[in-house]
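Take a look at the letters that make up each chain.
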Amino acid sequence: MGLSLTLTAIQAGYQSNTILHGVDLHVPAGGSLTIIGPNGSGKSTLLKVVAGLVRPQSGRILLGDADITAHDAPTRARAGVAYVPQEANVFRNLTVLENLQLGWEFLQPRASAQQWRVKLEAVLELFPEIRPVLGTRAGLLSGGQRQMVAIAGAMMQDPGLLVLDEPSAGLSPKNALALYAIVERIRQSGLTLLLIEQNIKLGLGAAQTGLLLVAGRIRLSAPADQLLVRDDLHQLYLGAA
């Protein structure tokens, strides 16, 4: 079951360098939001704030009805936030199955073998493409397969919110399409999704709502299908009126 996410007046950055300036956003339970914007606009910083990797300088974060503003990343993971970074998101020296098991055991250390098998089968229903390579070391997989394994590992945590940082980065068009077919399956399952994506068509096609972030500020928020067809999107990217 998805959990809602609400950010209110989030200001954040690194040391004295403020990147985000008063960001507000809301994703309802079971909803989906894609953040787009030019490089350097603060998209990845925003996701790290949600995941607990960057502490906001000010503002408030709610996951469902719980205030998680002061929680660190492990505490947020236990609360239901699963974050898949763009890079270094699998253990390449471990098999696919071992990667999935780590995702499970992180939050379910006392679960039974039967519970593990049930959860594994449920995740493999969403990711049938990785079933044939369960015994293969992740480092031997293609980029698209590794990204599937990373997201599948996050799903093993049984999250209420899945946060994806540039899931199609570095993938061929064919692999990117295959990956986003899986993202659509996840969205249809009722899980709440928050992602950033440079491929505007894929990213907005996967979400109900789109948000344009420019220079750390929300430039526009609209239904994703409406944002996708705006003829002034390029000018908005550049910060033009």
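Residues numbered from 1 in each chain as written. Predicted model: local features only at pLDDT ≥ 70, side-chain atom pairs only at ≥ 80, totals over all residues. Heavy atoms only, no water.

Student: Help me understand the overall build of the protein, please; the structure alone is not making it clear to me.
Tutor: Scanning the protein from N- to C-terminus turns up 9 helices and 10 strands. Over its C-alpha atoms, taken along the principal directions, the protein stretches across nearly 55 × 40 × 30 Å. On the protein, roughly 11,200 Å² of surface is accessible, and the fraction owed to carbon and sulfur atoms is 52%. If the 20 positive side-chain charges of the protein are averaged to one point and the 18 negative ones to another, these points end up 4 Å apart. (Helix = DSSP H or I, 4+ residues; strand = E, 2+ residues; numbered from the N terminus. Areas by Shrake-Rupley, 256 points an atom, 1.4 Å probe, with all protein chains shown as cover. Lys, Arg positive; Asp, Glu negative; His and termini not counted. Charge placed at Lys NZ, Arg CZ, Asp CG, Glu CD.)

Student: How do you make sense of the sheet that holds strand 4 (residues 58-63) when you look at a structure like this?
Tutor: Neighbouring strands of a sheet are bound in pairs by backbone hydrogen bonds; such pairs are parallel or else antiparallel. Strand order in the open sheet formed by 4 strands is 2-1-4-5, with antiparallel pairing between adjacent strands. The sheet is open, and its two edges are formed by strand 2 (17-27) and strand 5 (66-67), each paired on a single side. Note that strand 1 (residues 5-14) and strand 2 share 7 bridges and pair antiparallel. Considered in strand 2, the bridge of Tyr14 is made with Asn17. (Pairing = 2+ DSSP bridges.)

Student: Whenever I open this one, helix 4 (residues 113-126) confuses me. Can you help?
Tutor: Think of an α-helix as turning once every 3.6 residues; residues three or four places apart then point the same way. The end-to-end C-alpha separation of helix 4 is 20 Å, in line with the 20 Å expected for 14 residues at 1.5 Å each. Taken together, the buried positions of helix 4 are occupied by Trp116, Lys119, Leu120, Val123, Leu124 and Leu126. The arc enclosing the buried residues of helix 4, seen along the axis, measures out at 145°, which places them on a common side. Of the surrounding elements, those touching the buried residues of helix 4 are helix 3 (96-107), helix 5 (143-155) and helix 6 (173-188). (Expected span 1.5 Å × (residues − 1). Buried < 20%, exposed > 50% of the residue type's maximum accessible area, 1.4 Å probe, protein only. Arc of directions from axis to C-beta. Contact = heavy atoms within 4.5 Å.)

Student: Teacher, can you tell me more about the packing of helix 3 against helix 5 here?
Tutor: Angle between the axes and distance between the axes: these two values describe a pair of packed helices. Remark: helix 3 packs on helix 5, axes separated minimally by 7 Å, with the N-to-C direction vectors making an angle of 30°. Here helix 5 runs roughly parallel to helix 3, going by the angle between their axes. Between helix 3 and helix 5 the crossing geometry is right-handed. For the pair formed by helix 3 and helix 5, the contact residues are Val96, Asn99, Leu100 and Gly103 on the first element and Val149, Ala152 and Gly153 on the second. Taken together, the residues of the contact of helix 3 with helix 5 sort by class into 4 nonpolar, 3 polar and no charged. (Axes fitted to C-alpha atoms, helices over the stretch in contact; angles between N-to-C directions. Parallel < 35°, antiparallel > 145°, perpendicular 65-115°, else oblique. Left-handed = near helix turned anticlockwise from the far one by under 90°. Nonpolar A, V, L, I, M, F, W, Y, C, P; charged D, E, K, R; others polar.)

Student: In this structure, what is going on with helix 1 (residues 43-51)? I would like to understand it.
Tutor: With 7 of its 9 residues buried, helix 1 lies for the most part within the structure. Where helix 1 is concerned, the buried positions are Lys43, Thr45, Leu46, Leu47, Val49, Val50 and Ala51. Within two residues after helix 1, Gly52 carries a phi angle of roughly 95°, on the positive side.

Student: Explain the sheet that holds strand 9 (residues 209-214) to me, please; I cannot follow it from the model alone.
Tutor: In spatial order, the strands read 6-7-8-3-9-10; together these 6 strands make up an open sheet with mixed pairing. The two strands at the open ends of the sheet, each matched to only one other strand, are strand 6 (81-84) and strand 10 (217-223). The mean inter-strand angle of the sheet, taken between neighbouring strand axes irrespective of direction, is 15°. As judged from the 5 bridges shared by strand 7 (residues 161-165) and strand 8 (residues 192-196), these two strands associate in the parallel manner. Within strand 8, the position partnered with Leu161 by the bridge is Thr192. Set on the sheet, helix 5 makes contact with strand 6 and strand 7; between it and strand 6 the angle comes to about 170°.

Student: Please clarify how the side chain of Lys119 should be interpreted in this entry.
Tutor: In this fold, Lys119 is placed in helix 4. Non-local contacts of Lys119, meaning those with residues more than four positions away in its chain, are made with Trp104, Met155, Met156 and Asp158.

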